[in-house]
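# Per-entry structural report
Here is what each chain is made of, one letter per residue.
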Amino acid sequence: MTMIADNLHAVAQRIAHACQQCDRPVDAVRLLAVSKTFGPDAVQAAFDVGQRAFGENYIQEAVEKITALQALPIEWHCIGPIQSNKTRLVAEHFQWVHTVDRLKIAQRLSEQRPAHLPPLQVCIQVNVDGGPTKSGVAPQEAAALAAAVAALPRLQLRGIMCIPEPAPDFVAARAVFMSAKAVFDALLAQGLPLDTLSMGMSGDLDAAIAGGSTMVRVGSAIFGARHYPASA
Ligand SMILES: *Cc1c(COP(=O)(O)O)cnc(C)c1O
């Protein structure tokens, strides 16, 4: 588990270096540790060296982990696709959701968010590069969805997230991330009080930070290669 501590330190240095390269303050970028497929002991090891925000893709697996670690003040982020029949679990167990791309899912999350919890913090997933993934709203539809989500009572819209296809080089990757930043800036200009641009993973966090990311989602660079597929 000291490997996890060492890796977290190295990722923090990578983030700091990327920020310096583009003249952004080091604290402008938050690190979300993506713990999917890794057990509670791995999360605990990262927690023990100060990591507080963790991302999970598979709802069922996440709920087991969240329950096992409920004594710890962890901020859990859902970063996987959400089917209608899983919205209640998400609304009840997570603090954040990055993957809202349909109003119907947002409405269910708002209705099902327990009254004793603060509003669910939400990012809209945008398909910035028109990639083959079916997830994410088209950039030109982001404004309408954002306005509708922002009006829901039990959700707080924080920004957008994207998962672009791997690009051939740094400059190409940064260009795609800058197009996500343009969508984000357009929503700000619309008057929405947003602060989160969730983009960048182990392989492309440097380009994402150069493109304006405020939250990178990093899994394998912290926890190592993922070896088993988790069930959804
Ligand atoms: C798995 C995953 C990550 C982390 O990917 P790594 O390449 O392991 O850093 C980030 N975001 C999403 C949406 C993921 O599914």
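Scoring rules and cut-offs
- Residues numbered from 1 in each chain as written.
- Predicted model: local features only at pLDDT ≥ 70, side-chain atom pairs only at ≥ 80, totals over all residues.
- Heavy atoms only, no water.
- Core = buried A, V, L, I, M, F, W, Y, C linked by side-chain atoms within 4.5 Å.
- Buried < 20%, exposed > 50% of the residue type's maximum accessible area, 1.4 Å probe, protein only.
- Salt bridge = Lys/Arg side-chain N within 4 Å of Asp/Glu carboxyl O.
- Helix = DSSP H or I, 4+ residues; strand = E, 2+ residues; numbered from the N terminus.
- Near = heavy atom within 4 Å.
- Polar contact = N/O pair within 3.5 Å; in protein donor to acceptor, adjacent residues only side chain to side chain.
- Areas by Shrake-Rupley, 256 points an atom, 1.4 Å probe, with all protein chains shown as cover.
- 1 Å grid on protein atoms, 1.4 Å probe; cavity = no way out; pocket = protein on both sides within 12 Å on 5 of 7 lines; lining within 4 Å.
- Sits in = over half its atoms within 2 Å of the grid points.
- Nonpolar A, V, L, I, M, F, W, Y, C, P; charged D, E, K, R; others polar.
- Phe/Tyr/Trp six-rings, centres within 6.5 Å; stacked < 30°, edge-to-face > 60°.

## Describing the nonpolar core
Generally speaking, soluble globular proteins have nonpolar side chains that are buried together. Counting 67 residues, the largest nonpolar core has Ile15, Ile124, Val149, Ile222 and Phe223 as the members making the most contacts within it. Val34, Trp96, Cys123 and Met161 belong to the second largest nonpolar core, which has 8 residues in total.

## Thoughts on the pattern of salt bridges
The final tally for this structure, using the stated rule, is 7 salt bridges. Notably, a salt bridge pairs Asp206 with Arg14, separated by 2.9 Å at the nearest N-O pair. A residue pair is termed long-range when its members are at least 10 positions apart, and Asp206 in helix α8 (residues 205-210) and Arg14 in helix α1 (residues 2-21) qualify at 192 residues. Classification of Asp206 by relative accessible area gives partly exposed; the value is 24%. Given the relative accessible area of 26%, Arg14 is considered partly exposed. One network of salt bridges, with partners in common, ties together Glu56, Glu61 and Lys65.

## Examining the site of the ligand
Surrounding the ligand, one finds Val34, Lys36, Asn57, Ile79, Ile163, Met201, Ser202, Arg217, Val218, Gly219, Ser220 and Arg226. With respect to the ligand, the side chain of Asn57 contributes an N or O atom lying 2.7 Å from an oxygen atom. With respect to the ligand, the side chain of Ser202 contributes an N or O atom lying 2.5 Å from an oxygen atom. Here the ligand, which alone exposes 390 Å², has 89% of that area covered by the protein. Spatially, the ligand is embedded in the largest pocket. Tallied by class, residues from the shell around the ligand come to 5 nonpolar, 4 polar and 3 charged.

## Some remarks on the environment of Pro81
Topologically, Pro81 is positioned in the loop between β3 (75-78) and α4 (87-93). Given a relative accessible area of 54%, Pro81 falls into the exposed group. Here the alpha-carbon distance between Pro81 and Val97, two residues 16 residues apart in the chain, equals 9.8 Å.

## Remarks on the packing of aromatic side chains
Within the structure shown, the criterion is met by 2 aromatic pairs. Note on Phe54 and Trp76: the rings are 5.9 Å apart at their centroids and 40 degrees apart in plane angle, and the pair reads as tilted. One end of the pair, Phe54, is in strand β2 (residues 53-56); the other, Trp76, is in strand β3, and 22 residues separate them in sequence. Across the pair, Trp76 and Phe54 agree in class, each one buried.

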